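Spelled out, the chains give:
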Amino acid sequence: MTDPIPTAQRSDEDPGVPLSQRIRERLQAARVRFHANDNIADFIEPEEVPLLQAEVEEKLLEVLRSLVIDTDSDHNTQETRAGWRRCTCARFAAATSGCRRSRSSRTWRA
C-alpha cells in the first residue's frame, strides 16, 4: 500500500528537516522546475524567507570553515559574509517576488 501523505507534507511537519529541503520537496511534489532563474515564490511562505536566508548564510560559512579559514577574526570573511547577505537578499527577493498567499490557499500535491 502506498503512503497517502506526500513526502512534502511529511517533511513540512518535521522541524528537523532543513527548510531548503522542505521547499525543494514541495517543488518536486508539484513537478515544478526550480533552476537558478526560476521564480519559486508560490512554494515559499513570506515568513520562511528570512529563515531560508539564515540557512544559506550558515551553510556558506561552513564552506569557509571547511576550507580552514578563521571565520571569526579574518576581516575578509566578515566582508564576504556581508556580501553574502546582500547577494542572498537579492536572490530571495527575485525568487520569492509575489510570495504573499497563505499556505491554506495552496495545494502542494502534484
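**A closer look at the side chain of threonine 71**
Following the sequence through the fold, threonine 71 ends up in the loop between α3 (49-66) and α4 (75-95). Its relative accessible area of 3% is what places threonine 71 among the buried residues. Among the polar contacts made by the side chain of threonine 71, one reaches the side chain of arginine 65 at a distance of 3.3 Å.

**Regarding helix α2 (residues 19-29)**
If you check which residues of α2 are buried, you get Leu19, Arg22, Ile23, Glu25, Arg26 and Leu27. Positive phi shows up at arginine 31, right after α2, with a value of about 55°.

**Remarks on the side chain of arginine 26**
With respect to the helices and strands, arginine 26 occurs in helix α2. Residue classification places arginine 26 among the buried positions, given a relative accessible area of 0%. A distance of 2.8 Å separates polar atoms of two side chains, one belonging to arginine 26 and the other to glutamate 48.

Criteria and cut-off values
- Within each chain, residues carry numbers counting from 1 in the order of the written sequence.
- At least 70 in pLDDT is required for a residue's local features to be given in this predicted model, at least 80 for side-chain atom pairs to be given and counted, and no such filter applies to totals for whole chains, interfaces and linings, which use all residues.
- The side-chain quantities take in all heavy atoms of the structure and omit both hydrogens and water.
- Numbering of helices and strands runs from the N terminus, with a helix taken as a DSSP run of H or I at least four residues long and a strand as a DSSP run of E at least two residues long.
- Burial classes follow relative accessibility: with a 1.4 Å probe on protein chains only, a residue under 20% of its type's maximum area counts as buried, one over 50% as exposed, and anything between as partly exposed.
- Two N or O atoms form a polar contact when they lie within 3.5 Å of each other; inside protein one atom must be a possible hydrogen donor and the other a possible acceptor, and for residues adjacent in sequence the pair counts only when both atoms belong to side chains.

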